[in-house]
Amino acid sequence: LIRGISQLTAGYADGQLSPRRVTEEALEDARHLKTLNAFVRLTPDQALKQALASEKRYKRKQAKGVLDGVTIAIKDNFCTYGIPTTCASRMLQDFVPPYDATVCSRLKEAGAVLLGKTNMDQFAMGAGTVDSVYGPTKNIWSEQLARDQWRIAGGSSGGSASAVAAGICFAAIGSDTGGSTRNPASYCGVVGLKPTYGLVSRHGLIPLVNSMDVPGILTRSVSDCADVLNAVAGPDRLDSTSIRQPYERLRLPEIEQIDLRTVRIGIPKEYHCEGLSSEVLETWSKVADLLECAGASVRQVSLPNTEASIFVYSILNQCEVASNMARYDGIEYGHRADDERSTEQLYAQSRAEGFNEVVKTRILTGNFLLLRKNYDHYFEKALRVRRLIAEDFAKVFEAPQKEECVDILLTPTTLTDAPLYKDFAGLTNRDQCAVQDFCTQPANMAGIPAVSIPIRLSQAGLPLSLQLMSRSLNEQLLLTVARWIEAHVGFDSLEHKQQLKAAS
């Protein structure tokens, strides 16, 4: 098994591997694992064309870089030129963008092979990838994939996480508004990075919550994650929220060169919350001990407004959703109903048919919260508490007294391993997100970088992951520490493949 991007491209460079053959095998794997429902659309013609171009460059010794010929999947809420972008909804089922999202265009410029579009919760509103017009995505680590005995992949970027975990592609792009990259990464046993807000362009990412949306990266190793980030990060004149300062490429040190004696790790006590499984708690404690034994300073810190975070996130999310979804009226693009008795009737019917119940509920709730009589009481208050949440992080990362500062926060990513679909589907979307996003969404409110890394398997044989967070634009240290942990826990993201081979 080819483990990572550097091994793959080294094989290309010395002629032992072929981008065309690797792409053909990836497309074959995607069809063979169709039961996972990771992809909503494969793009074999485009992928093979890109693979052949890559192969020619390697033969001429003119490879574009570390991603040349690397197979990557794209979440279905990123615009892709000439390829339908549906947000897993009926509303955009026939929408074909006339341009590429900046993330996609930069991957193409880097020589990547784009395999297709991955499944997601409709308009990225969910934590399980179960609310898609194409049906739910399954987790490759499930004990069985038949009937209702399979595990969810997490959401809303479940298709991307499932594709990477299954070994179909080497990386995938997701989006992260409240944990939508880290949550499925945790359940599927892969690395999931949410970069600093504004570090990666949102141009061409169909918005959910403009002030929190961030393109995310899913890979099977931390170094692969850094390679993809280096390709897509940096200023973009097409995105007014992108950070204007030049991007400094990450260069992760070798494991033996990483010295943790100057690193200060914080353990937020508020993340030891109701619903946290004993296995996740044990994993959290063991990794904290591992870091301390390596010389890192580990101490408890407090983020007192964390408990209010999920309520604030819910309010702000629904308010921005109500605003963003107003553009889908059946007139300019998107689904258009047949009822044309009046413009008002056409709007209403198009939206009734184009959105599922989850989207409709958030639109209605958001508009209610934005009413003049409710605006100050809900929206304004939520914004104030969001500022307090961001200040909590600033206090632990930038405290006036140096001894009170920490460099990295270590927390759970999700409270348990991946739940069974039948158990998860029994909860409302609101309750699903409130439980699944508890540990992840505060980072989005503060705009700071966070990464989820797999640590070990639970007693049920499912991945258990932890999350690292740091101050804005500190991806270099964040991923360096993550890489050290990854090397010392030795989690195998493709172990399920080995088990499958042994069983057969």
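The structure displayed is predicted, hence computed values, not measured ones.

A. Highlighting the sheet that holds strand β6 (residues 214–219). Across the sheet, 11 strands lie side by side as β1-β3-β2-β4-β6-β5-β10-β11-β9-β7-β8; this open sheet has mixed pairing. Two strands bound the open sheet, and with one partner strand each, they are β1 (39–42) and β8 (297–301). Along the sheet, successive strands turn relative to each other by an average axial angle of 30 degrees, direction set aside. Direction of pairing for strand β9 (residues 408–412) relative to strand β11 (residues 463–470): antiparallel, over a ladder of five bridges. Note that in β11 the partner of Leu409 across the bridge is Met469. Helix α8 (residues 278–293) rests against β7 (264–268), β8, β9, β10 (450–457) and β11 of the sheet, and its axis sits at about 155 degrees to β9.

B. The packing of aromatic side chains, seen in detail. On inspection of all chains with the given rule, the structure shows 11 aromatic pairs. Summarising the aromatic geometry, the rings of Tyr271 and Phe438 are spaced 6.4 Å apart at their centres and angled 65 degrees between planes, so their arrangement reads as edge-to-face. Placement of Tyr271 in the loop between β7 and α8 and of Phe438 in the loop between α14 (429–436) and α15 (441–446) is noted, with a sequence separation of 167 residues between them. The pair formed by Tyr271 and Phe438 is uniform in burial state, with each residue classed as buried. In this arrangement the basic side chain of Arg220 is found over the ring face of Phe170, its NZ or CZ atom lying 5.1 Å from the centre.

C. Layout of helix α3 (residues 44–59). Between the first and last C-alpha of α3 there are 22 Å, a value that for 16 residues agrees with the 22 Å anticipated at 1.5 Å per step. Taken together, the buried positions of α3 are occupied by Ala47, Gln50, Ala51, Ser54, Glu55, Arg57 and Tyr58. The buried residues of α3 occupy an angular sector of 160 degrees when projected down its axis, which confines them to one face. Of the exposed residues in α3, those oriented more than 90 degrees away from the buried face are Asp45, Lys49, Lys56 and Lys59. In this structure, the buried residues of α3 make contact with α1 (5–13), α2 (19–32), α4 (102–109) and β3 (113–118).

D. Just the state of the cysteines, in detail. The tally for this structure, following the rule as stated, stands at zero disulfides. Residue Cys87 stays outside any disulfide, its sulfur separated by 7.9 Å from that of Cys79, the closest cysteine. Relative accessible area serves as the criterion here: at 1%, Cys87 is assigned to the buried category. Cys169 provides the cysteine sulfur closest to Cys188, a residue in no disulfide bond, and the two sulfurs are 12 Å apart.

E. Representation of the packing of α8 against helix α16 (residues 475–489). Two elements in contact, α8 and α16, have axes separated by 11 Å at closest approach and are oriented at 105 degrees. Classed by the angle they form, the pair α8 and α16 counts as roughly perpendicular. Taken together, the residues of α16 that come into contact with α8 (itself represented by Val287, Leu290 and Leu291) are Val481, Trp484, Ile485, His488 and Val489. A class-by-class count of the residues in the contact of α8 with α16 yields seven nonpolar, one polar and no charged.

F. Structural view of the nonpolar core. Counting residues in hydrophobic clusters, the biggest one holds 110 residues, and the most contacted among them are Ile72, Leu107, Phe123, Leu291 and Leu410. In this structure Leu291 touches Leu260, Ile265, Ala296, Val298, Leu410, Val481, Trp484 and Ile485, once residues within four positions along its chain are discounted.

G. Expanded view of the pattern of salt bridges. Taken as a whole and assessed by the stated rule, the structure comprises 16 salt bridges. Note that Lys117 and Asp76 form a salt bridge whose closest N and O atoms lie 3.3 Å from each other. Here Lys117 is found in strand β3, whereas its partner Asp76 is found in the loop between β2 (71–75) and α4, with 41 residues between them in sequence. There is no split in this pair, since Lys117 and Asp76 are both buried. Linking Arg151 and Glu143 is a salt bridge whose minimum nitrogen-to-oxygen distance equals 2.7 Å. A residue is classified by how much of its surface remains accessible, and Arg151, at 11% relative accessible area, is buried. One continuous salt-bridge network, built from bridges that share partners, spans Arg20, Arg21, Glu24 and Glu25.

H. Inspection of the side chain of Asp176 at higher detail. Within the secondary structure, Asp176 is located in strand β4 (residues 171–176). Given a relative accessible area of 0%, Asp176 falls into the buried group. Beyond its immediate sequence surroundings of up to four residues, Asp176 is in contact with Thr181, Arg182, Lys194, Met212, Asp213, Val214 and Asn444.

I. Geometry of the packing of α2 against α3. Viewed as axis vectors pointing N to C, α2 and α3 meet at an angle of 155 degrees, and their least axial separation amounts to 7 Å. When the axes of α2 and α3 are compared, the pair comes out roughly antiparallel. Contact with α2, carried on its side by Pro19, Arg20, Thr23, Glu24, Leu27 and Arg31, involves Pro44, Ala47, Leu48, Ala51, Leu52, Ser54, Glu55 and Tyr58 of α3 and no other residues of that element. Looking at the contact of α2 with α3, its residues break down into eight nonpolar, two polar and four charged.

J. Structural context of the pairing of strand β5 (residues 191–194). Residues Val191 and Leu193 point to one face of β5 and Gly192 and Lys194 to the other, with burial holding for every one of them. Examined bridge by bridge, β5 and β6 share three bridges and lie antiparallel to one another. Within β6, the residue paired with Gly192 across the bridge is Leu218. Looking at chain direction, β5 and β10 are connected through three bridges and run antiparallel. Looking at β10, one finds that Lys194 is bridged to Ala450.

K. Main features of the environment of Leu473. Mapped onto the elements of the fold, Leu473 is located in the loop between β11 and α16. Taking the C-alpha atoms as reference points, Leu473 and Leu33, 440 residues apart in sequence, are found 37 Å from one another. Setting aside residues no more than four positions away along its own chain, Leu473 makes contact with Thr196, Leu199, Ile243, Gln245 and Pro449.

L. Representation of the side chain of Asp68 in the model. Take Asp68: it is sitting in the loop between α3 and β2. Only 2.9 Å separates the side chain of Asp68 from the side chain of Ser54, close enough to count as a polar contact. Ignoring any residue separated from it by four or fewer positions in sequence, one finds Asp68 in contact with Thr9, Tyr12, Ser54, Arg57, Tyr58, Ala63, Ala110 and Gly111.

Thresholds, definitions, all that
- Residues numbered from 1 in each chain as written.
- Predicted model: local features only at pLDDT ≥ 70, side-chain atom pairs only at ≥ 80, totals over all residues.
- Heavy atoms only, no water.
- Pairing = 2+ DSSP bridges.
- Helix = DSSP H or I, 4+ residues; strand = E, 2+ residues; numbered from the N terminus.
- Axes fitted to C-alpha atoms, helices over the stretch in contact; angles between N-to-C directions.
- Contact = heavy atoms within 4.5 Å.
- Phe/Tyr/Trp six-rings, centres within 6.5 Å; stacked < 30°, edge-to-face > 60°.
- Buried < 20%, exposed > 50% of the residue type's maximum accessible area, 1.4 Å probe, protein only.
- Lys NZ or Arg CZ within 6 Å of the ring centre and 35° of its normal.
- Expected span 1.5 Å × (residues − 1).
- Arc of directions from axis to C-beta.
- Disulfide = S-S within 2.5 Å.
- Parallel < 35°, antiparallel > 145°, perpendicular 65-115°, else oblique.
- Nonpolar A, V, L, I, M, F, W, Y, C, P; charged D, E, K, R; others polar.
- Core = buried A, V, L, I, M, F, W, Y, C linked by side-chain atoms within 4.5 Å.
- Salt bridge = Lys/Arg side-chain N within 4 Å of Asp/Glu carboxyl O.
- Polar contact = N/O pair within 3.5 Å; in protein donor to acceptor, adjacent residues only side chain to side chain.

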